Amino acid sequence: MEFIHETHTPRVIFGEHSLSSVKAELELLGATSITFISDENTQAVAQKISAELGEKVNQEITQVAMHVPDEFSEPIISTAAELGINAILAIGGGSSTGLGKIMALELNLPLVVIPTTYAGSEMTPIWGRTRNKEKITGVDRKVLPKTVLYAPQLTHTLPLSITVNSGMNAIAHAVEALYAPQLSPLVELAALKGIEVMAQGLRKIANSLDDHSAREDLFYGAMLCGFALGNSKMGIHHKICHTLGGMYNLPHAQMHSAVLPYAVKYNEGVARIQMSKVAEILGAENASQGLWDLSTAIGAETSLGKLNFPATESAKVADFMSSYPLVNPRAFDYEIVVKLLQAASSGSRPDDESW
Ligand code: NAD
């Protein structure tokens, strides 16, 4: 056995009462002038937290933009610099966290996150921004939140559609971590557990949206999947989603859900052992069809076509991808990537043996 284990993780406070620690966590970081980022769906809780923090909140951002376009973040960052902001607090999904990360990167400030979806960004040192319609990502320890506060009750307002697609987004992180190079065996454990917890939780929540224990499990699973994402390298699935996100501005979680079974099909002949573990967790013969069955059963997105991605653009996307490096168990094969995108557009069961 040979491995290198080195992980990066925020301090995590998980549980129903975690929000009572927000003020103290910010104080620990010496925060005296805070930018507080929230989105349109987290206003009620954001207002309560803001009232508790009082005058320390010097800049309030109450709307965010997916994939953090530079034209959106730049004026906010300039104002924060002028105001002498020295800490950032973000509540919401990956878009709120994403803006917090770009601010942390540009201004070298500590970030505290209260996530409300299963995107998992709060557990990673990965930043993403959009410049000239191209999504750019990078890794920098500066953007890894100092503290993450998971309060499962905040996810009760997530509608079914966001719940199931965001859940599949989390599973995508863990699945790709499993075939990443030099994967730490401890990160592998987190990824496997994350997939198990998410798959079980998603099946339960699809039957009963008010199931509190399923909500709690899903948040725990999302934390594990986010941890796996933040401590491994992502492969073709993420490369496709970044490309589609930048070129067509497709909705992030739904797009992940729609692409995942086909990306796994692309890799499963090469990453046999790891993908058979996923199949076993899902109780399926193979991982790609098991993921497609899960998505179909819970009502998550299975078709890029339904997200208005035209299958006729598949070659253009593959062309674009071919000019960028790819870390993936199977080398980039232009013809097969085109087939993958066409299949993901149709959303049909990933059982075409010709690729
Ligand atoms: P999002 O943050 O845009 O949220 C989706 C929708 O859900 C929004 O309308 C939001 O207002 C709403 N919402 C959020 N929480 C809610 C709640 N509790 N109740 C009701 N509605 C709620 O989308 P997302 O999928 O969470 O995040 C996507 C973004 O995160 C993308 O830009 C993606 O690139 C990024 N991301 C980054 C990483 C990373 O490691 N850097 C990882 C995953 C995702």
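Residues numbered from 1 in each chain as written. Predicted model: local features only at pLDDT ≥ 70, side-chain atom pairs only at ≥ 80, totals over all residues. Heavy atoms only, no water.

Remarks on the side chain of Asn169
Thinking step 1. Summarising the element assignment, Asn169 is placed in helix α5 (residues 160–178).
Thinking step 2. Not counting chain neighbours up to four residues away, the residues in contact with Asn169 comprise Ala119, His252, Ala253 and His256. (Helix = DSSP H or I, 4+ residues; strand = E, 2+ residues; numbered from the N terminus. Contact = heavy atoms within 4.5 Å.)

Comments concerning the sheet that holds strand β4 (residues 87–92)
Thinking step 1. Reading across from one edge, β1-β8-β5-β4-β2-β3 is the order of the six strands in this open sheet, with parallel pairing throughout. Two strands bound the open sheet, and with one partner strand each, they are β1 (11–14) and β3 (57–61). Here the strands of the sheet are splayed against their neighbours by 15° on average, with no regard to which way each runs.
Thinking step 2. Both strand β2 (residues 34–37) and β4 contribute to a ladder of four bridges, which runs parallel. When the bridges of β4 are listed, Ile37 appears paired with Ala90.
Thinking step 3. Sheet contacts for helix α4 (residues 94–107): β2, β3, β4 and β5 (111–115); angle to β4, the most-contacted strand, approximately 165°.
Thinking step 4. Its contacts with the sheet place helix α7 (residues 212–230) against β1, β5 and β8 (147–150), and it is angled at close to 175° to β1. (Pairing = 2+ DSSP bridges. Axes fitted to C-alpha atoms, helices over the stretch in contact; angles between N-to-C directions.)

Some points on the pattern of salt bridges
Thinking step 1. In the structure shown here, the tally under the stated rule is nine salt bridges.
Thinking step 2. The residue Arg11 makes a salt bridge to Glu25 at a minimum N-O spacing of 2.8 Å. One end of the pair, Arg11, is in strand β1; the other, Glu25, is in helix α1 (residues 22–28), with 14 residues separating them in the sequence.
Thinking step 3. Residue Arg131 pairs with Asp70 through a salt bridge whose shortest N-O separation is 2.6 Å. Here Arg131 is found in strand β6 (residues 126–131), whereas its partner Asp70 is found in helix α3 (residues 70–83), with 61 residues between them in sequence.
Thinking step 4. Exposure remark for Arg131: the relative accessible area of 39% places this residue in the partly exposed category.
Thinking step 5. Accessibility expressed as a relative area gives 5% for Asp70, which makes it buried.
Thinking step 6. Overlapping salt bridges bring together Asp70, Glu106, Arg129 and Arg131 as one network. (Salt bridge = Lys/Arg side-chain N within 4 Å of Asp/Glu carboxyl O. Buried < 20%, exposed > 50% of the residue type's maximum accessible area, 1.4 Å probe, protein only.)

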